[in-house]
Each structure stands twice: as C-alpha cells, then as structure tokens.
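Architecture at a glance
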Amino acid sequence: MKLARDTWLIFQRQFQLLVRNPVWVFVGVFQPVMYLLLFAPLLKPALNAPTQAEAYKIFVPGLLVLLAIFGGLFQGFGLIAELRAGVIERSRVTPVSRLALLLGRSLRDVVSLIVQAIIITLLALAFDLRVVLGDLLLAYLMLALIALMTSAVSYGVALKVKSEDALAPLMNTVAQPVLLLSGILLPLSFAPGWLQGVADWNPFSWAVDGTRALFAGDLGNDRVWQGLTIIAVLAVLGVYWAARQFARSVR
Amino acid sequence: MIETRGLRKSFRSRAGRETKTVEAVRGVDLTVAEGEIFGFLGPNGAGKTTTLRMLATLIEPDDGEAIIAGADLRKAPGEVRRRIGYVAQGGSTWDESTAREELVLQARLYGIGKTEAHQRAVRALDAFQLAEFADRKCKTYSGGQRRRVEIALGIIHEPKIVFLDEPTTGLDPQSRAHMWDEIRRLRTEGMTVFITTHYLDEADALCDRIAIMDHGQLVAEGTPADLKREISGEVVQVGLDAADTPQAAKALDGEAYVRKLETGDDGGLRLYVDEGATAIPQILRRLDHAGLALSSIELHRPSLDDVFLTKTGRSLRES
C-alpha cells in the first residue's frame, strides 16, 4: 500500500516535469518518423515484400523495440542531474520506499514510451499497416516491459557511475551489439547460421521476434510467450537490482 | 537528543592502481541536548559532513552506535528518518519545480496527507518569507531564497532534530544574518538544531555548544565561552621580520609570564599570557635586549580560532 502510494507520488512528480517540457514529444517522435519516411521505403525491395504494408509489418515492430531499448537506456542521464541537484539525497532522508524512488521514475519512462509508440502506430496506419487491437496491446505490453527493464538498469548504472561522462560510452557500448544482434533493422532470418546462433543469446532478439509475430497477427507463435517471459523475468531482475542501488548510499 | 559512541567510517579511494583507505571518522562520541543549537566545527575534510551523513542515515557507520531522538541508528534507521530533518550542503531543490511543489512533495514523502501537505506548505512559505515567489521555478531564486526553501523542506514534517550542513556557506553577509535568525527561530519552536560550519564567528554567535573536529576525531567539546576560558589569559601577537622569528622565539621561550608560545605561518609569534598589560612591557624589554626590532604588537582575548589553534596546532583559517 505504502509502496503504491510512494510510487504514485514519484511518478506524478516526474510526469509533471516531463509534461512541462513538451520538447521531448517532438524529439521522441521526430526520429522514428524519419525512419518511417526515409528508411522504410527501401525495405519493400530489400525484403522482397509483396506490398509496402508487408514491409511495415516487419519494420514497425522492430522500430518500436528499438525505441524502447534506447529510450530506456538513456534515462540515467536525467537521474545524474537529479543526483547533482541533491534531489535524490533529499528523498533518501525521508522514509519513502526505495523501490518507489525507482519505480515511479521507470513507470514515467514506460508511459512516455507508450505515448510515442501510439503516435508511431497511428502514422504507420496511414501507410496501410493493419494490426489486430488485441495483438497490438500485447505488443505494447512487451514494449512496456522492455522500457521498464532498460530504464531501471540505466538508473542503477547511473547511481553507480554518477557521471555523464562514464554513462554515455557505457550505454552506447551496451546498446550497439544489442541492436545489431536483435534483428531490429533487418530480420535475422537473412543472417548466416553463426550470427543467428549468437543472436539467440540476445534476449531482445526474442522480444523483437515476438513483437513481429504479434504485428503479423500470429498470436499462437511460440516466440510471443517466450519473448514476453524472458523480458518479464529480466525486468524483475533489473528493477530489483536498481532498487538496491537506490537503497545503498549514494556518493 | 543525540548520543553517539565510537562512530567510525572509512572510505576506500582509488588513485591509479593503488587503493587507499581513508579513515574519515575515527571514533566520535557526542552528546547533544534537547533544544540546543549544537555547532560542529572543523576545517574542510575533517569528517564533519561524513559524521552528519551517518547521523542522517545516508551512510552506514562501519562501527559504533547512536541513539537519535530516541531511535537506534543501526537498528531502526527508518524510525530515525521520521524524526529528523536534514539539509544538505550542496542544495536539494530542482530547477524546474516551484517552492510550493517541492514542499508539498516533501511533506507527502513523509506520509502526510494531501490536504495537510498543502496547508503545511503554505505555513512554511509564510514562515520563511517565500510566499511571494512560491509558484515560481526554483531556478529563478537568489542564493538566500533557495537556501530558505531548502531549510523549509528539511523541517516540513516537524522533526525533533534538524541537521544543517554548512547552512550559510556561500551566502552574502545580509542573507547570512537572516539565516542565523531563521535558525534561532527553529530552536524557539522547540527543535534541536545541529549545524556544521567552518566559520568561527558563526559558531560563536549562534551555537549553545560546539564540538571541534579535526582529522576525524573530536578535539574539544563545550560552550564557546567555556572553550575560550580553557585557554585562560590573553594572547599577545608579535609581528617580526621573518628572519628574526627563531631568535625572538628563543629569547621569549622559558620566560615566566609566557604560558605558551607559537610561531604563526606569517613569521609572527603568538604568546599566551596571563595578563597582557604586565606581559607586554616585559616582552618589549626582552626583545629590545636581544636587539630585535618588531613591526607590531597586539593584544586580544582568545577567540575560537585560538581554541582551535591550541587543540590542533593549526589555525582554522589556514587549513
């Protein structure tokens, strides 16, 4: 009960600050729209897709997972600014739940990601993408879990390294192989066997496959529940670890 | 109100390949009574902030124990948190939030209900003369205004004790005087105030009792008056050409009226004597006899700086 209340308090505050600075909506949507407009047209011939809509079915889910990963991983920067301002320390002298300090922030990130995802989905609909609502909601659940995990991990790492200079290269180093090995931009079905073998060890590759299956209306595909389970377990672990960083001494 | 025994904390710091253990706090025993303004004095790096952060539950002591407002620091840190307020040295407000928002949030983090939190915020804004800009973003505030918001945040839940870490550092003289009034007001409202400072005049003017910390240990504790009385007598400061100092020290050391003699970094001598009026002529005669010319001679009563100097062998201003 206290956890829910505290989480809500932190979420409210973080969300209020986010809304007050609406530039993020523009920035957050501008880049994916560029991908949709400038990159996706290459995909129909490249993927040998029969129609543009088919190409979007493959590309849009990948793009959304990409946003969830990157959007989450770079949230730590905001936390470092808060650390520096003393806001985190001010929270830590109160009896507020340490888990709530993390969850309130991560849930804000999840909500802002879902808003982005909705905008992009609506745009893609204009390009003749069609997806069943139930499948779409499950796909959003996948995205939410990914964002929850990556943002929690990013906050945890931020509390450990405490400096933007260390956080930026660290996150980039993690993000790049994760991105390349998840088949986000092009499906890994084009990949040679060894590369597919490596990608099988990347949880995000399972998430991307699952999300693609959902956009294709293939709810029964094993990759759907497998992807959801893997990401859910990782999200719980990520949140647990990051909340411990909040409980530990800072600085 | 606060009772500590043997508090210790060391940090491991890494410089290149070597790891060094720095003993920041090396066994602190403190007693702070209810309703007093307790000053924690010492140069930068003495371990003041580390001690304060331990008492405020922000870092865990390696060893030792403390009872704070009746709660055990090691066993019930959550209970301690509810009973204390803490205002950090480096600030704690967010640029994009307003004072009112910060106050309401802080109250709510302490478990206070929404309506009550809003009422308390209004009261705090009035008490700290912040009402005028309550709904402006914190980044528009002056240093003194911001510090007042931070203190208001630290006591929004009406704690029994409030810890203020260098509350006046970086403030202009007027804001500083204003802050002293605010701190005295907290005591009037029944709070115990624990402040750290490296300003001697502040400790002297504001604090009921002080403790002096150096190299992670307490070197003195008492009321400012008692501590000053401990170095009974007066201080004669003699200005000399630096080249003459050793010779002058030799000439004066061992004279019956000189209780203690110290060489300052500026080449001058500080002589602790029982009575300045009788000592000065003798000092002058002795130096004249030794053929030494002096550039100045001053007499003053011991200050907290003298207390610090006798306890640590260094001047607080220099360290």
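Residues numbered from 1 in each chain as written. Chains lettered and ligands numbered in written order. Predicted model: local features only at pLDDT ≥ 70, side-chain atom pairs only at ≥ 80, totals over all residues.

- Per an unreviewed UniProt entry, the recorded name for chain B is ATP-binding cassette domain-containing protein, and the organism is Micromonospora musae.
- Its UniProt record gives chain B a comment under Sequence similarities (unreviewed entry), which states: "Belongs to the ABC transporter superfamily. Drug exporter-1 (DrugE1) (TC 3.A.1.105) family." (UniProt positions renumbered as here; feature names shortened; annotations may be inferred.)

- Chain A is annotated in an unreviewed UniProt entry as Transport permease protein from Micromonospora musae.
- According to its UniProt record, chain A has this under Sequence similarities (unreviewed entry): "Belongs to the ABC-2 integral membrane protein family."

**Things to note about the nonpolar core**
- Among the nonpolar cores identified, the biggest contains 138 residues, and Val65(A), Leu143(A), Ile146(A), Ala152(B), Val162(B), Phe163(B) and Val193(B) are the most heavily contacted of them.
- Among the elements that take part in this core, helix H8 (residues 133–161) of chain A stands out by supplying 16 residues, more than any other.
- Residues in contact with Phe163(B), not counting those within four places in the same chain, are Leu52(B), Leu55(B), Ala56(B), Ile84(B), Gly85(B), Tyr86(B), Val87(B) and Phe194(B). (Core = buried A, V, L, I, M, F, W, Y, C linked by C-beta atoms within 7 Å. Buried ≥ 20, exposed ≤ 12 C-beta atoms within 10 Å, placed from the backbone. Helix = DSSP H or I, 4+ residues; strand = E, 2+ residues; numbered from the N terminus. Contact = placed C-beta atoms within 7 Å.)

**Regarding the pairing of strand E3 (residues 37–41) of chain B**
Residues and elements named next belong to chain B.
- With five of five residues buried, E3 is to be regarded as a mostly interior element.
- Side chains Ile37, Gly39 and Leu41 project from E3 onto one buried face, and the interleaved Phe38 and Phe40 project onto a second face that is buried too.
- Here E3 runs beside strand E8 (residues 192–197); their pairing, made up of five bridges, is parallel. By the bridge assignment for E8, Phe40 is matched with Thr196.
- Two strands pair when backbone bridges link them, and E3 and strand E9 (residues 209–214) are joined in this way by four bridges, in the parallel orientation. Across the sheet, the residue bridging to Leu41 is Ile212, located in E9. (Pairing = 2+ DSSP bridges.)

**Describing the environment of Ala220(B)**
All names here are of chain B.
- Relative to the elements of secondary structure, Ala220 occurs in strand E10 (residues 217–222).
- Sequence separation between Ala220 and Phe308 is 88 residues; the distance between their C-alpha atoms is 8.5 Å.
- The contacts of Ala220, once residues within four sequence positions are left out, are Ala211, Ile212, Leu227, Val307 and Lys311.

**Comments concerning the domain arrangement of chain B**
- For chain B, the assigned domains are domain 1 (2–224) and domain 2 (232–301).
- Computed over C-alpha atoms only, the centres of domain 1 of chain B and domain 2 of chain B are separated by 42 Å. (Domains from an automatic or database assignment.)

**Let's talk about helix H3 (residues 99–109) of chain B**
- Within H3(B), eleven of the eleven residues are buried, which leaves it mostly tucked inside the rest of the structure.
- On its buried side, H3(B) packs onto helix H1 (2–20) and helix H6 (87–92) of chain A together with helix H4 (114–127) and helix H5 (143–154) of chain B.
- Backbone geometry just after H3(B) places Gly111(B) at a positive phi near 90°.

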